[in-house]
Amino acid sequence: MAEPITTSEEKRSLNFVEQIVADDLKAGKNSGRLNTRFPPEPNGYLHIGHAKAICMDFGVAELFGGTCNLRFDDTNPQKEDTEYEQAIMRDIHWLGYDWQDRLYYASDYFQQLYDFAIRLIKEGHAYVDDQTSEQIAQQKGTPTTPGTDSPFRNRSVEENLDLFQRMNAGEFDEGTHVLRAKIDMASSNMHFRDPIIYRIIKTPHWRTGTKWKVYPMYDFAHGQSDYFEGVTHSICTLEFVPHRPLYDYFVRLLAGDTAQQYCPRQIEFNRLNLTYTVMSKRKLLQLVKENLVAGWDDPRMPTLCGLRRRGYTPQSIKNFINAIGYTKYEALNDISLLEHAIRDDLNANATRVSAVLNPVRLVITNYPEDREETMSMENNPEQPDAGRHNMPFCRELYIEREDFMEDAPKKFFRLTPGKEVRLKGAYIIQCTGCTKDAHGNITEIQATYDPDTLSGMPGASRKVKGTLHWVSARHCVDAEVRLYDRLFSVENPAAEDADFRELLNPDSLQTLTGVKIEPFLAQTAQVEDKYQFQRIGYFTVDPDSATAGHLVFNRTIGLKDSWAKEQKKAN
Ligand code: ATP
Ligand code: MG
């Protein structure tokens, strides 16, 4: 087994989970073996919270030379589907992790779990209860008062065996019988108060079909599945702290004395929660089912496929997760830190291009009608060897409508009659006037250019206050741009009394058509390519481009960094 790596790329100290693993390895536990697992339920798409768990489960195995399984905890056929299974595998691979040949399913252990349940009945550790789950819940008691015994608690072994087998044979309706572990109705841990371990479900299972009519509860499957797989460190989120003793209890019953030598060790860390979004799979499913978003991969969703479509990179997500870290305390993470991470990544890596979102025509009146020039534009000032690309220049251009004002205040350093600005990568121009339609809308702006101000010419270094982006009206191509904003208009939708659907941000999507993009962009853009639109923000090519008949760009994130600004203020 490799020594803990302390000389990794970015030298950082071990987090508390890694420290526990390092100590176990050092102590020679499990003969120096390290095996983790990521255990999703295939009942929804992965979101950024899952990414935090994935980075931990796969990351810690990678760090110490261990292995990580992918195990689908598929114990509830009513909610599961292979669509989710496939999407989950795709998203884990996208993050850059691989389980190799260690793909497992809790449903592979249904026979072992059933046999174990039969054994528990025979040994007096489980009984069939004919009450409804509501009645059972009512008898649970409270954390400070003991629960009440079920009237069926002392059934004979024979009767329990007969009933459980008939439950599985399909003789009873759903909800009429359950199998409960017989532990302690007065335990201070509510999970020990005779938890339900099997229930009847008649919906066919997506993997085992109609073979089973009884299915183990998550709590009866999870810990034992870890055990069957030889998982040494079962890392999960804090809400499972009170479940841990129950998992240990079942494994000890299952393994007997051998549990002394080997029992999966559960370690819990805090969940990832993000402001201005929801992380509950139930709520995300509702948004999809009720068409409040355009599917699981809607670029406003916190799902990994949504973030990918929005333009997030795996590295930016990992950097964000690294920055928030792993602790034992629940927290609400600021979404602007995630936005900061992608802005950082795209600033370093995205090609700079020109696109005019809200175009108005600009005519350079002293530029010859029949003349065209090629301007050379830097692809990325952050990367010296990123090269350059060409951009055509002519008499008619488009600039942003917001970059012109007829009656401008003193501090307006963009275009206004009489004033000069530089056209990025081209000439200095001076505004001479504008033309309006019958309603007073500006239809055209006029300017003259100073031929001496191109790069390499004597007037090139002449300073003007503003620089505007532009495209050639003769050469540009139309595109569609989708401006995304935060999905919810309140910071913590889960904490509000109102139905979360009423808290959706009504302006989270604005679609612009007739956006003018430079020809280089039109010719080279491929789905998922990322660009910086000069002076505007970062944009990613949407898959819809393949069918829309024009390029479609998603705004990944604007240029303004509220996180960095707040940090500066704080320091
Ligand atoms: P469910 O309510 O369906 O159980 P879940 O979010 O727990 O939803 P799972 O598929 O069971 O979904 O999650 C797989 C793993 O991801 C679990 O180990 C869980 O602890 C972890 N996980 C889920 N949500 C988060 C989160 N927000 N932050 C960190 N880890 C998470
Ligand atoms: Mg879960």
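Residues numbered from 1 in each chain as written. Chains lettered and ligands numbered in written order. Predicted model: local features only at pLDDT ≥ 70, side-chain atom pairs only at ≥ 80, totals over all residues. Heavy atoms only, no water.

Under the domain assignment, the chain is made up of domain 1 (16-269), domain 2 (281-351 + 479-570) and domain 3 (356-469). One C-alpha centre belongs to domain 1, the other to domain 2, and the line joining them spans 35 Å. Taken residue by residue, the interface counts 24 residues in domain 1 and 25 residues in domain 2. For the pair domain 1 and domain 2, the summed buried surface comes to about 2300 Å²; carbon and sulfur atoms form 68% of the total. Put simply, domain 1 and domain 2 have 2 salt bridges between them. (Domains from an automatic or database assignment. Contact = heavy atoms within 4.5 Å. Buried area = accessible area lost by both parts, 1.4 Å probe. Salt bridge = Lys/Arg side-chain N within 4 Å of Asp/Glu carboxyl O.)

Moving on, we come to the nonpolar core. Formed by 52 residues in total, the largest nonpolar core has its most connected members in Ile-48, Ile-92, Ile-317 and Phe-320. Among the elements that make up this core, the one with the highest residue count is helix H2 (residues 48-63) (10 residues). Counting contributing residues, this core receives three or more from each of domain 1 (16-269) and domain 2 (281-351 + 479-570). Leaving out residues up to four positions away in the same chain, Phe-320 has contacts with Ile-48, Leu-272, Leu-274, Asn-333, Asp-334, Leu-337, Leu-338 and Ala-341. In terms of nonpolar packing, the next biggest core, distinct from the first, is built from 40 residues, Phe-116, Phe-172, Ile-201 and Tyr-215 among them. (Core = buried A, V, L, I, M, F, W, Y, C linked by side-chain atoms within 4.5 Å. Buried < 20%, exposed > 50% of the residue type's maximum accessible area, 1.4 Å probe, protein only. Helix = DSSP H or I, 4+ residues; strand = E, 2+ residues; numbered from the N terminus.)

In the structure shown here, the tally under the stated rule is 30 aromatic pairs. Connected via pairs of aromatic rings, a cluster forms that spans Phe-110, Tyr-114, Phe-116, Phe-164, Phe-192, Tyr-198, Trp-212, Tyr-215, Phe-220, Tyr-249 and Phe-250. It is Arg-486 that lies over the ring of Tyr-276; its NZ or CZ is 4.8 Å from the centre. (Phe/Tyr/Trp six-rings, centres within 6.5 Å; stacked < 30°, edge-to-face > 60°. Lys NZ or Arg CZ within 6 Å of the ring centre and 35° of its normal.)

On to helix H4 (residues 110-122). In this model, H4 (13 residues) spans 18 Å end to end at C-alpha, consistent with the 18 Å of a helix rising 1.5 Å per residue. Phe-110, Leu-113, Tyr-114, Phe-116, Ala-117, Ile-118, Leu-120 and Ile-121 are the residues of H4 that are buried. Looking at the residues trailing H4, positive phi occurs at Gly-124, about 80°. (Expected span 1.5 Å × (residues − 1).)

Our next topic: unusual backbone geometry. The phi angle at Asn-30 is positive, at roughly 50°, despite the residue not being glycine. Secondary-structure assignment places Asn-30 in the loop between helix H1 (16-26) and strand S1 (35-38). What makes Asn-30 buried here is its relative accessible area of 17%. The residue Tyr-276 is not glycine, and still its phi comes out positive at about 65°. What makes Tyr-276 partly exposed here is its relative accessible area of 21%.

We now examine the pattern of salt bridges. A full pass over the atoms with the stated rule returns 40 salt bridges. Between Arg-265 and Asp-24 there is a salt bridge; the shortest N-O distance is 3.0 Å. With a gap of 241 residues between them, Arg-265 in strand S9 (residues 265-269) and Asp-24 in helix H1 connect regions that are remote in the sequence. A relative accessible area of 5% means that Asp-24 is categorised as buried. Three or more residues are tied together by salt bridges with common partners; here these are Asp-297, Arg-309, Glu-480, Arg-482, Asp-542 and Asp-544.

This part covers the site of ligand 1. Inspection of the region around ligand 1 gives 15 residues, with Glu-41, Thr-237, Arg-271, Leu-272 and Lys-281 positioned closest. One nitrogen or oxygen atom from the main chain of Gly-49 is found 3.2 Å from a nitrogen atom belonging to ligand 1. Arg-271 places a polar side-chain atom, nitrogen or oxygen, 3.0 Å from a nitrogen atom of ligand 1. Within the complex, 86% of the 590 Å² of free accessible area of ligand 1 lies under protein. For the shell around ligand 1, the element with the highest residue contribution is H2, accounting for 3 residues. Within the shell around ligand 1, the residues separate by chemical class into 7 nonpolar, 5 polar and 3 charged. (Near = heavy atom within 4 Å. Polar contact = N/O pair within 3.5 Å; in protein donor to acceptor, adjacent residues only side chain to side chain. Areas by Shrake-Rupley, 256 points an atom, 1.4 Å probe, with all protein chains shown as cover. Nonpolar A, V, L, I, M, F, W, Y, C, P; charged D, E, K, R; others polar.)

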